[in-house]
Amino acid sequence: MTFSSFLINLFSHVPRLNFKFHWTKDIFNFDWSSEYFQALALVACLGAAVSLLLLVTIIIVWICQACRKNETTGKTRRRVRRLSTVLFIISVLCFFMLGICLFANEHVNRGMSISINSVINSKKSYQISMAQISQFQEAALNTTVDLKNLEDIVHQESKKTKNATIVQQIDQILTNITDEIDIIAKNGKLFQAKHDDDIGTLENIRKFLSMYESERWAFLVILLSITMCVLFTGVVAFCKQSKKGAVVFSAIGFFIFVVVWLLISVSLPVTIALADFCRDGDQVTRKNLGNLYETVQFYNTCVPVTTHDNLPRPIASHVALLNNIPASKSQLDRLMEVAFNSSAAITNSSSAVGEDITKLLKLAGAVSSSSSCYVFHDDVANFYYGTCNQSVAGMSIYMMSILLLGLLLFVLLIVVSKTWNLFSRLPEEYIEVDDDDPFFPRGVNDSTIPVDIYGTHVYNPRTRDRTEPSTNTTSGTADESNAPLWSQNVSTPLVSNSMTRQPFMSDHPYTTYEDRYN
């Protein structure tokens, strides 16, 4: 038992219930009103119900998390580091599941490509076979015309001969050959009319499979790529421990979660339907292929050999009518030579019939060669191999991986909500000031800015000897000289009729205040 056969048998145990929740015995079909489609719809609804339950759980957890108080006292580096590590590990597992999904998608695409190529090759081979059968039928019609001319000439020449027994034998052999050629011509015409739509059927199958597979592959690649990009932004936010990044990832991840579970709800019934087609698809195949069904079944089950006798029954019976004609023609020529003494009219007409029969034999060989088992067997077998082996295995792997991805996203969205109060908002990046900034233009020469713009050097002993000019920003220093206060002459006494104040410590060796200060 192959892996695909095991999966097909495994999916056969999935309950198939109609809308009345009764077990249905309906097998795979394309009828939208059938109980089989009701069973697939219930499977899709089951996936949607599970996704809705998980969504409600996420929303409740997020509301509870948002209503909690932002307690900063409980924040520790170890707790934040542990939470970011857990989120990183879950994200890596999600990446791993996404990689498996992409691998399974490519596996299904490869299987369907094998099936599509087999349909294309079968169509080309079938066109060649039908062309050979058409030429064979036309040659048979031409042969019947020449045989009728030969019969007319024999009837005319038989009046001149007295050997009635030989003439009777000639007439019997001509009748047998003519009847067999007529049967070949009529059967060829009926066969063409019966299988006239087979080329169109194969072309419709090719178009349907090509359109379905191209759209399915591109749709999944785009969605899985978007999911991968969102997860990458989440990983960056977790590594930086950014609160803003975690909140943005939560918002976008919510929609990604919904999309992934919608894919699960659709992929599960599609996988079950594909397995059912490979197990019980004969009825649908017979209905859609029509007269081509028996031919396909023959080429699928036949054993290819190098001989040309392994043909479908209609073609084999069609070609088998020529088996006795060459011997009958040789016997006819001998009898006519004896009876009519090599008459010119008889000889010419018999030669024309002989050429027609020779052409028929060559065309019969061409029909046998173009319709033999070894021509179609590999293509038909590859169709079933691509659809029921590679595609079933790929869809099953994809189904399991995307289901695990949906569960991991659920856990990730639950855990990421805890970062809203644990992660801190990162500071904004520094923005360089340009030359046109109105508050601090970079073009101004810094040397023109005064050293002390508020006049704090006034009455400061450490700045009394400096030569910097005053900024005149205070009223006390405006329009005054730079000389120290004690060296300025006061012409008018501040208080009249006052006693002369003796200098402090006048007996000290330093007689002036400036000397004492220095």
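Residues numbered from 1 in each chain as written. Predicted model: local features only at pLDDT ≥ 70, side-chain atom pairs only at ≥ 80, totals over all residues. Heavy atoms only, no water.

Under an unreviewed UniProt entry, the protein has the name Protein tweety homolog and belongs to Caenorhabditis nigoni. Checking UniProt for the protein, the heading Function (unreviewed entry) contains the comment "Probable chloride channel." The heading Sequence similarities (unreviewed entry) in the UniProt record of the protein holds the text "Belongs to the tweety family." (UniProt positions renumbered as here; feature names shortened; annotations may be inferred.)

Draft legend 1. Geometry of the packing of helix α6 (residues 243-280) against helix α12 (residues 373-416). With their axes 8 Å apart at the nearest point, α6 and α12 run at an angle of 155° to one another. As judged from the angle between their axes, α6 and α12 are roughly antiparallel. For the pair α6 and α12, the sense of crossing is left-handed. Here the residues of the contact of α6 with α12 are counted per class, giving 28 nonpolar, eight polar and no charged. (Axes fitted to C-alpha atoms, helices over the stretch in contact; angles between N-to-C directions. Helix = DSSP H or I, 4+ residues; strand = E, 2+ residues; numbered from the N terminus. Parallel < 35°, antiparallel > 145°, perpendicular 65-115°, else oblique. Left-handed = near helix turned anticlockwise from the far one by under 90°. Nonpolar A, V, L, I, M, F, W, Y, C, P; charged D, E, K, R; others polar.)

Draft legend 2. The arrangement of the UniProt feature "transmembrane region" (unreviewed entry) in the protein in detail. Mapped onto the present numbering, the UniProt feature "transmembrane region" (unreviewed entry) falls at residues 36-64, 85-105, 217-239, 246-264 and 397-416. End C-alpha to end C-alpha, residues 36-64 measures 43 Å, and it is 100% helix and 0% strand. A distance of 33 Å separates the end C-alpha atoms of residues 217-239, which is 100% helix and 0% strand.

Draft legend 3. View of the side chain of Ser417. You can see Ser417 is positioned in the loop between α12 and α13 (419-422). Excluding anything up to four places from it in sequence, Ser417 contacts Val61, Trp62 and Gln65. (Contact = heavy atoms within 4.5 Å.)

Draft legend 4. Molecular detail of the nonpolar core. One finds Ile170 and Ile181 to be the most contacted residues of the largest nonpolar core, which totals 47 residues. Ile170 has contacts with Val154, Leu332, Leu335, Met336, Ala339 and Phe340, leaving out every residue within four places of it along the chain. With 42 residues, the next largest nonpolar core counts Cys101, Leu263, Ile264 and Leu413 among its residues. (Core = buried A, V, L, I, M, F, W, Y, C linked by side-chain atoms within 4.5 Å. Buried < 20%, exposed > 50% of the residue type's maximum accessible area, 1.4 Å probe, protein only.)

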